Amino acid sequence: MASQHRLSLLLFLAASFLLSSPSLAQTPSAPSSGLPNVTGILDKAGQYTTLIRLLGNNQLATQLENQLNTSSEGLTLLAPTDNAFNNLPAGTLNGLSNQQQVELILYHVLPKYYSFLDFSTVSNPVRTQGQDGLNFTSQANQLNVSSGLVTAPINNPLRQQFPLAVYQVDKVLLPLSLFGAKPPAPAASTGSNKNKTEAQGPTATSDKNDNSGSGRMNVDVGMGLVAGLILVSCMGAFSS
């Protein structure tokens, strides 16, 4: 009985040694970099296939993830849903060049991490990675974002953890630089004035010529009357 007890004790000690040995212990998995995957977040949420396609076609997803790796400010993405893109007028996206599509998507990216509470204290307009800024307003616990052409509520945070915040928007935010009214071309106005001046030119010259002819005719008539009076005087003198 004592020998069996000693044998059990030896086996227990041997097993404990083997499990505690560094060479035999289970190797822990390598820690992740901790950087969020932008397209992965959108894909998991669903209903963002158009935005994912635009991010992939123009290498913007890689660009944003590189920024997350190098920036200490973080990023905020306002993510339009598929319905938001579908509600655009027909042909809107296809009518944009690749560069304009990049500008449109970058307009939805803020070069800083913003929580919901941060938006209530920002100074408008808030800078984006596009050319134009965005305006944020809060009323009755509802946060809205406006481009000047489109106003949309911000409702569903897909991610709200530094360094990346992703918020759902139900409308595509249209920047004024791409979709605002274009001013009339100055060249067309200059040409119109030039044509108008040219049309008026001959008329003014004609009037001047007419006035000059009328003046000469008046002088000729006056000279004729004087000559007639002299002739009558001469005939009276001869007759006397």
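Up top is the structure.
To keep things clear, this report deals only with the structure shown in the data block. A quick note: this is a predicted structure, and the numbers were derived from the prediction, not measured.

This paragraph deals with the overall build of the protein. Along the protein, the regular secondary structure elements total nine helices and six strands. Counting the 240 residues in the protein, one finds 30% classified as buried. Once local pairs closer than 6 in sequence are excluded, the contacts in the protein between residues at least 24 apart make up 65%. Accessible area of the protein: about 15800 Å², with a carbon and sulfur share of 57%.

Our next topic: the pairing of strand S6 (residues 164-169). Successive side chains on a regular strand alternate, one facing one side of the sheet and the next facing the other. S6 sits mainly inside the fold: six of its six residues count as buried. Neither face of S6 is exposed, since Leu164, Val166 and Gln168 on one face and Ala165, Tyr167 and Val169 on the opposite face are all buried. As paired strands, strand S1 (residues 75-80) and S6 are joined by six bridges and run parallel to one another. For leucine 77, the partnering residue across the bridge sits in S6 and is valine 166. In terms of strand pairing, strand S5 (residues 151-161) meets S6 through five bridges, oriented antiparallel. Within the sheet, the bridge partner assigned to glutamine 160 lies in S6 and is alanine 165.

To continue, consider the nonpolar core. In this structure, Leu42, Leu55, Leu78, Phe136 and Val145 are the most contacted members of the largest nonpolar core, which totals 47 residues. It is S6 that contributes the most residues to this core, five residues altogether. Once residues within four sequence positions are removed from consideration, leucine 42 is found in contact with Tyr48, Leu51, Ile52, Leu55, Leu77, Ala79, Leu158 and Val166.

This part is about helix H6 (residues 98-106). The complete set of buried residues in H6 reads Gln101, Val102, Glu103, Leu104, Ile105 and Leu106. Those residues of H6 that are buried lie in contact with helix H3 (49-57), helix H4 (60-70), helix H5 (82-86), strand S2 (109-110) and helix H8 (176-179).

This next bit is on the packing of helix H2 (residues 38-45) against H3. Relative orientation of the contacting elements H2 and H3 amounts to 160°, with a least axis distance of 9 Å. Regarding the angle of H2 to H3, the classification is roughly antiparallel. When you trace H2 past H3, the crossing you get is left-handed. Residue-level contacts link Val38, Thr39, Leu42 and Asp43 of H2 to Leu51, Ile52 and Leu55 of H3. Classifying every residue of the contact of H2 with H3 gives five nonpolar, one polar and one charged.

Further remarks concern the packing of aromatic side chains. For the coordinates displayed, the defined rule picks out five aromatic pairs. Summarising the aromatic geometry, the rings of tyrosine 113 and phenylalanine 162 are spaced 5.6 Å apart at their centres and angled 75° between planes, so their arrangement reads as edge-to-face. Linking tyrosine 113 in the loop between S2 and helix H7 (116-119) with phenylalanine 162 in the loop between S5 and S6, this pair joins segments that are 49 residues apart in sequence. Ring geometry for tyrosine 114 against phenylalanine 119: centres 5.3 Å apart, planes inclined by 20°, an arrangement best described as stacked. Using a relative accessible area of 12% as the deciding quantity, one classes tyrosine 114 as buried. Residue phenylalanine 119 is classed as buried on the basis of its relative accessible area of 2%. Site record: aromatic cluster; members linked through ring pairs are Tyr114, Phe116, Phe119, Phe136 and Tyr167.

Taken together, the buried positions of H4 are occupied by Leu60, Ala61, Leu64 and Leu68. Buried residues of H4 fall within an arc of 105° about the axis and therefore sit on the same side. Opposite the buried face of H4, at more than 90 degrees from it, the exposed residues are Asn69 and Thr70. Buried residues along H4 sit against H2, H3, S1, H6, S2 and S6.

Basis of the calculations
- Residues numbered from 1 in each chain as written.
- Predicted model: local features only at pLDDT ≥ 70, side-chain atom pairs only at ≥ 80, totals over all residues.
- Heavy atoms only, no water.
- Helix = DSSP H or I, 4+ residues; strand = E, 2+ residues; numbered from the N terminus.
- Buried < 20%, exposed > 50% of the residue type's maximum accessible area, 1.4 Å probe, protein only.
- Contact = heavy atoms within 4.5 Å.
- Areas by Shrake-Rupley, 256 points an atom, 1.4 Å probe, with all protein chains shown as cover.
- Pairing = 2+ DSSP bridges.
- Core = buried A, V, L, I, M, F, W, Y, C linked by side-chain atoms within 4.5 Å.
- Axes fitted to C-alpha atoms, helices over the stretch in contact; angles between N-to-C directions.
- Parallel < 35°, antiparallel > 145°, perpendicular 65-115°, else oblique.
- Left-handed = near helix turned anticlockwise from the far one by under 90°.
- Nonpolar A, V, L, I, M, F, W, Y, C, P; charged D, E, K, R; others polar.
- Phe/Tyr/Trp six-rings, centres within 6.5 Å; stacked < 30°, edge-to-face > 60°.
- Arc of directions from axis to C-beta.

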